[in-house]
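Take a look at the letters that make up each chain.
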Amino acid sequence: VMRLGYLTHVAGAAPAQAYRDTVTLAVAAEELGFASFWVAQHHDGHLDGTLPSPLVLLGAVAQATSTIRLGTAVVAAALEDPRRLAEDAAVLDVLS
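Residues numbered from 1 in each chain as written. Predicted model: local features only at pLDDT ≥ 70, side-chain atom pairs only at ≥ 80, totals over all residues. Heavy atoms only, no water.

**Observations regarding the nonpolar core**
Core analysis: the largest hydrophobic core is formed by 15 residues, its most contacted members being Val-10, Phe-37, Val-39, Leu-51, Leu-57 and Leu-92. Put simply, the parts of the chain that give this core at least two residues each are helix 1 (15–31), strand 2 (36–40) and helix 2 (54–64). Setting aside residues up to four positions removed in sequence, Val-10 forms contacts with Ala-18, Tyr-19, Thr-22, Val-39, Asp-48, Gly-49, Thr-50, Leu-51 and Leu-57. (Core = buried A, V, L, I, M, F, W, Y, C linked by side-chain atoms within 4.5 Å. Buried < 20%, exposed > 50% of the residue type's maximum accessible area, 1.4 Å probe, protein only. Helix = DSSP H or I, 4+ residues; strand = E, 2+ residues; numbered from the N terminus. Contact = heavy atoms within 4.5 Å.)

Written as C-alpha cells, this is what we have:
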C-alpha cells in the first residue's frame, strides 16, 4: 500500500497568514486522504520560509485534524536546546 504525505515549507510575506493557511492546507490534505503532513523549520526567512517553531504550528494543526500523521521535515537541532525540543515534541505527541 502506497501512502502519500504532504510537505510544505510555510512561506509567505505575512507569517500569521502563512500559519493559518498551513492549518487549512493540513485539513484539506487530511480530507483528500494524505497519510501525513510535514513542515520544515526555517530561520531568518531562508528559502522564503517563515517557520522558526514547527512544533508550535503542528500543535495548531493537531487541533484541526484527527487522523493525519504529523511530522517535521527539518528541525535544525543544533540551534535548539535539546531538552526543550524533546519536551515540546512530547507535548505535541500528547496533543495529537
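**Considerations on the pairing of strand 1 (residues 5–8)**
Strand direction decides the pairing type here: strand 1 and strand 2, joined by four bridges, are parallel. Of the residues in strand 2, the one forming a bridge with Thr-8 is Val-39. As for the winding sense of the linkage, the β-α-β connection from strand 1 through helix 1 to strand 2 is right-handed. (Pairing = 2+ DSSP bridges. Right-handed = clockwise from strand over helix to strand, strands pointing away.)

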